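What the coordinates show
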Amino acid sequence: KKLAFHTFTYDSSTAKLDASIKIVELENEQVKNTEKQVALTLRPEFHWSPDGKALTYINRQGIDNLWNLSIEDRKETPITDFNSGSISNFVWSQD
């Protein structure tokens, strides 16, 4: 199993907060190792894609739409193409 979460690093010399997403491997409910750390500006509204190969997130640049971010190559791919409205939350079904 894998776990993805936001992490922040504060640089006091520049007063800058750097956000990234860490992906860690879990074994027996313990962190085995850090698999990847990706410097991103994703909001905390992301979920694993059903195939476990991407993080699905809400892209809020313009009209809200769902996008996938590939864990392997960091390629971003749109899933929806809404032309109005906003997304407040989303979840994948388990089927």
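Residues numbered from 1 in each chain as written. Predicted model: local features only at pLDDT ≥ 70, side-chain atom pairs only at ≥ 80, totals over all residues. Heavy atoms only, no water.

Description of the confidence of the model for the chain
What counts is decided by this rule: The pLDDT score gives, residue by residue, the confidence of the prediction method on a 0 to 100 scale. Runs of H or I in DSSP of at least four residues are treated as helices and runs of E of at least two as strands, each being numbered from the N terminus.
Per-residue confidence for the chain gives a mean pLDDT of 83, with 87% of residues at or over 70. Averaged pLDDT values over the elements of the chain bottom out at 67 in strand E3 (residues 30–38) and peak at 93 in strand E7 (residues 76–78).

Some points on the layout of surface pockets
Note the threshold: Cavities and pockets were defined on a 1 Å grid built from protein atoms only: a cavity is a group of points that admits a 1.4 Å probe but offers it no way out, a pocket is an open group of points flanked by protein on both sides within 12 Å along at least five of seven lines, and a lining residue is one with an atom within 4 Å of any such point. Grid points are joined across faces, edges and corners, and a volume is the space filled by probe spheres set on the points. Charged means Asp, Glu, Lys or Arg here, nonpolar means Ala, Val, Leu, Ile, Met, Phe, Trp, Tyr, Cys or Pro, and polar covers whatever is left, Gly included.
Each pocket or cavity is described by its volume, and for the second largest pocket that value is around 150 Å³. Lining the second largest pocket we find His47, Trp48, Ser49, Pro50, Val91, Trp92, Ser93, Gln94 and Asp95. Among the residues forming the lining of the second largest pocket, the class breakdown is 4 nonpolar, 4 polar and 1 charged.

Quick notes on the pattern of salt bridges
For clarity, the threshold we go by: Here a salt bridge means any side-chain nitrogen of Lys or Arg lying within 4 Å of a carboxyl oxygen belonging to Asp or Glu. Note on classification: 1.4 Å probe, protein chains only; a residue is buried when its accessible area is under 20% of the maximum for its type, exposed when over 50%, partly exposed between these limits.
Applying the stated rule across the entire model yields 1 salt bridge. Here aspartate 64 ties to arginine 60 by a salt bridge, and the two come within 2.5 Å at their closest N and O atoms. Classification of aspartate 64 by relative accessible area gives buried; the value is 7%.

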